[in-house]
Amino acid sequence: MSFPPSMIMRSVRAGSIAISRRTFVSASPRLNLKESSSQSDVDYNHHKQDSLSKQKRGAGHWKPELASDSEEIVHADRAARDGVPEDISALRERTKRAAEEASKGGTSMRDSMAPPFQSALLAGALAGTTVDLSLFPLDTLKTRLQSSAGFFPSGGFSGIYRGIGSAVVGSAPGAAFFFCTYESVKALLASRIRQRQGENAGPPPAWQGPVSHMIAASAGEVAACAIRVPTEVVKQRAQAGHHGGSSAAALRAILSKYGTHGLVSVWRELYRGWGITVFREVPFTVIQFPLWEAMKAWGRKRRGGEEVSAGESGLYGSMAGGVAAALTTPLDVLKTRVMLSKERVSVAEVFGRLVREQGIRPFFAGIVPRVTWISIGGAIFLGSYQWAINTMHGRVW
């Protein structure tokens, strides 16, 4: 039987292709699950960068616990060519165990992948401005309830937008400073924890994750207070009806001391209550942010590893903020009394006077509007922050 020449050529080409495919598979049997090209260090680095970029975008099936799959396969392929074979399944099992141990310890690869500086800056500024403008009337009522002059002498329900000018000026930079510092410190600590975890066998202690969030939030608050305290001083004086309820007039009154008392006096007046503000904000964030992060981690686990939505983040932020607000109300009362005092007074002096003259009750003045305000504010603040971060990373939901 004779065959046409064209059929013979097609058969030869098909046979050569089949042989080449069998040769490739036998030469690198470990790569039958994923394509991998590791013929050089350039290829290896390309695989590593590709896997990390896919994880950051949240694309496809890439999840934190699988982020180094491609990298591991490249390692195994290179080891096989060097004569030191290693089983891919063993590598993957070890990666999975490490991810589970990190999760038990409260840390994850996601912690080290903080939003870029620009994203945290813009998202923080948007979140701060949104929450402060939305809830300014409640903040005014809370300030007047805590004033030593009393609620109605301080303005009652009238002029609840007094001092809004200083809030507009200080909201965006204050919140931006906080989130840039928070995300950077959190990523740094998570990276250090993973490095130590690689050196020491066994799961990390369960307290490491929450403690890293506490430290990051505390650093963020100290940075934010550099802007927040001067704006709070001006805003609260306007809210309490001082200087005609005008933020501009309150600021001019402080700056006018430069001619008679010098720059140091102006500086000390603008930063009056710095210590008690930090003393209030640090415990607040130490309570709020680990709770928020823990609830977000639970939400991601429930969603199969995907980032939580803005609405879900807002709900978690509201619950965490309400708990933190109730527990730190006494510190907020002390901070307000120090800032509203016409003369410079110490926190210890204000505390002693309150206890002697009025007992414990004043320390919880304004707790209802404070918890209400911060619960709603936590939803708006952390919800809008998550929305901005998700939007910048192409995750719009």
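Anything mentioned here points back to the structure above.
What counts, and where the lines are drawn
Residues numbered from 1 in each chain as written. Predicted model: local features only at pLDDT ≥ 70, side-chain atom pairs only at ≥ 80, totals over all residues. Heavy atoms only, no water. Helix = DSSP H or I, 4+ residues; strand = E, 2+ residues; numbered from the N terminus. Buried < 20%, exposed > 50% of the residue type's maximum accessible area, 1.4 Å probe, protein only. Contact = heavy atoms within 4.5 Å. Phe/Tyr/Trp six-rings, centres within 6.5 Å; stacked < 30°, edge-to-face > 60°. Axes fitted to C-alpha atoms, helices over the stretch in contact; angles between N-to-C directions. Parallel < 35°, antiparallel > 145°, perpendicular 65-115°, else oblique. Left-handed = near helix turned anticlockwise from the far one by under 90°. Nonpolar A, V, L, I, M, F, W, Y, C, P; charged D, E, K, R; others polar. Expected span 1.5 Å × (residues − 1). Core = buried A, V, L, I, M, F, W, Y, C linked by side-chain atoms within 4.5 Å.

Trainee: Just checking my understanding: could you explain the environment of S212 for this structure?
Mentor: Take S212: it is sitting in helix 9 (residues 208-239). Owing to a relative accessible area of 6%, S212 belongs among the buried residues under this scheme. Once the C-alpha coordinates of S212 and A187 are considered, the two residues, 25 residues apart in sequence, prove to be 9.3 Å apart. Setting aside chain neighbours within four positions, we find S212 in contact with L189 and I193.

Trainee: Would you mind showing me how to read the packing of aromatic side chains here?
Mentor: Following the criterion strictly, the structure yields 16 aromatic pairs and no others. Ring centres 6.5 Å apart and planes at 70° place the aromatic pair W298 and Y316 in the edge-to-face group. Of the two residues, W298 is situated in helix 13 (residues 274-302) and Y316 in helix 14 (residues 310-327); the sequence distance between them amounts to 18 residues. In this structure W298 comes out as exposed when scored by relative accessible area, which is 52%.

Trainee: Any chance you could explain the packing of helix 9 against helix 13 here in plain terms?
Mentor: The description of two packed helices rests on the angle between their axes and on the distance between the axes. Across the interface, helix 9 lies against helix 13 with an axial gap of 8 Å and an inter-helix angle of 140°. Classified by the interaxial angle, the pair formed by helix 9 and helix 13 is oblique. Two packed elements cross with a definite hand, and for helix 9 against helix 13 that hand is right-handed. Note on element contacts: helix 13 touches helix 9 through W274, T277, V278, E281, V282, T285, V286, F289, P290 and E293, opposite P210, H213, M214, A217, S218, E221, V222, C225, A226, R228 and V229. When the residues that make up the contact of helix 9 with helix 13 are grouped by side-chain class, the tally is 13 nonpolar, four polar and four charged.

Trainee: Help me understand the environment of G366, please; the structure alone is not making it clear to me.
Mentor: Note that G366 resides in the loop between helix 16 (347-358) and helix 17 (367-392). With relative accessibility at 12%, the residue G366 sits in the buried group. Sequence spacing of G366 and D139 is 227 residues, and the spatial spacing of their C-alpha atoms is 9.8 Å. Setting aside residues up to four positions removed in sequence, G366 forms contacts with K142 and L145.

Trainee: Teacher, can you tell me more about helix 14 here?
Mentor: Every α-helical turn comprises 3.6 residues, leaving residues that sit three or four positions apart pointing alike. Taking 1.5 Å as the rise per residue, helix 14 with 18 residues should run 26 Å; its terminal C-alpha atoms sit 26 Å apart, in good agreement. Among the residues of helix 14, those classed as buried are A310, E312, S313, G314, Y316, G317, S318, A320, G321, G322, A324 and A325.

Trainee: What should I look at first to understand the nonpolar core in this one?
Mentor: Soluble globular proteins: nonpolar side chains tend toward being buried together. Membership of the largest hydrophobic core comes to 29 residues, with the highest contact counts inside it found for F179, Y182, F289, W292, F381 and Y385. For this core, the secondary structure elements donating two or more residues are helix 6 (117-134), helix 8 (164-199), helix 9, helix 13, helix 14 and helix 17. Per-element tally for this core: the top contributor is helix 17, with seven residues. When neighbours within four sequence positions are excluded, W292 is seen to be in contact with S313, Y316, G317, A320, L382, Y385 and Q386. Counting eleven residues, the second-largest nonpolar core is a separate cluster that includes V266, L270, Y271 and V278.

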